[in-house]
Amino acid sequence: MLSTIARSAARVARPATRSLPTASLSLAAARGLHTLPQLDYAYDALEPHISGQIMELHHKKHHQAYVNGLNAAEESYAKAPSPKDQIKLQPALKFNGGGHINHTLFWKNLAPESQGGGQLAQGPLKDALVADFGSVDAFKKKMNTVTAGIQGSGWGWLGYNPETKKLEIVTTANQDPLLSHVPIIGIDIWEHAFYLQYHNVKADYLTAIWNVINFKEAESRFLEASKQ
């Protein structure tokens, strides 16, 4: 259920990786409202790489809108009089549910430089990146190229493929959550994530964000995923 997935994301556990639930969504609203997660750092803590203004708007306005939209969609789903009416609500559930899941992961994905942001220590994640991409720099370059190539809005992901047991770079459109892989690192390429600071120069934003990527969090996700 979307409620279960969103709460798992908030606890930084592995989210569902195969399909969005449908049949049991009507039970979700009864389990409590989704809420905006608190950040582990101040809005201006990622400066100069991501401005405090962007972070505050992104978190308070954009993410809150997805939370509100998901709660409203689940409430409507629970009250829908027929399967046809429930099906009509699937786009709203997917968009707002995905936005909530993705952003909950994204905030944990970031850390101030003073708290280790941008620092990838020697360990299992670094070893896997070198094994799967040749080097950490080669991985970053490919990740930036693939993410910059998204047409319109979406997300660039470093994901763990449970079938191949490898790290792979994939993208999702709009607010679609990553279902084919376990998300390790996600980069929001919607304009609200960067435009006030970087305008239409996506490349500069993608270069800067590596300075505040929380690689400790990414490694924790990778280790959890690779146990499966």
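> Hey, could you run me through the sheet that holds strand 2 (residues 166-173) in this one?
The strands that make up a sheet are held in pairs by hydrogen bonds between backbone atoms, and each pair lies either parallel or antiparallel. Here we have 3 strands laid out as an open sheet, ordered 2-1-3, and antiparallel in their pairing. What marks the edges here is a single partner per strand, and that holds for strand 2 and strand 3 (182-188). Here the average twist between neighbouring strands, direction ignored, is 25 degrees. Where strand 1 (residues 154-161) lies against strand 2, 8 bridges are found, and the strand directions are antiparallel.

> For this particular structure, what's the right way to read the packing of aromatic side chains?
Given two aromatic rings, their pairing is described by the distance between the two centres and the angle made by the two planes. Tallied over the full model, the rule gives 11 aromatic pairs. Of the aromatic side chains, those joined through ring pairs into one cluster are Phe106, Trp107, Trp155 and Trp157.

> What should I look at first to understand the pairing of strand 3 in this one?
When you tally the buried positions in strand 3, you get 7 out of 7 residues, the bulk of the element. Where strand 1 and strand 3 come together, 6 bridges link them in antiparallel fashion. For tyrosine 160, the partnering residue across the bridge sits in strand 3 and is valine 182.

> Looking at this model, I keep getting lost on helix 8 (residues 202-209). Mind explaining?
Count 3.6 residues to each turn of an α-helix, and residues three or four apart come out pointing the same way. Of the residues making up helix 8, those classed as buried are Tyr205, Leu206, Ala208 and Ile209. Angularly, the buried residues of helix 8 cover 165 degrees about the axis, an arc narrow enough to put them on a single face. Tucked into the core, helix 8 has its buried residues touching helix 4 (90-108), helix 6 (136-148), strand 3 and helix 7 (195-198).

The rules behind each value
- Residues numbered from 1 in each chain as written.
- Predicted model: local features only at pLDDT ≥ 70, side-chain atom pairs only at ≥ 80, totals over all residues.
- Heavy atoms only, no water.
- Pairing = 2+ DSSP bridges.
- Helix = DSSP H or I, 4+ residues; strand = E, 2+ residues; numbered from the N terminus.
- Axes fitted to C-alpha atoms, helices over the stretch in contact; angles between N-to-C directions.
- Phe/Tyr/Trp six-rings, centres within 6.5 Å; stacked < 30°, edge-to-face > 60°.
- Buried < 20%, exposed > 50% of the residue type's maximum accessible area, 1.4 Å probe, protein only.
- Arc of directions from axis to C-beta.
- Contact = heavy atoms within 4.5 Å.

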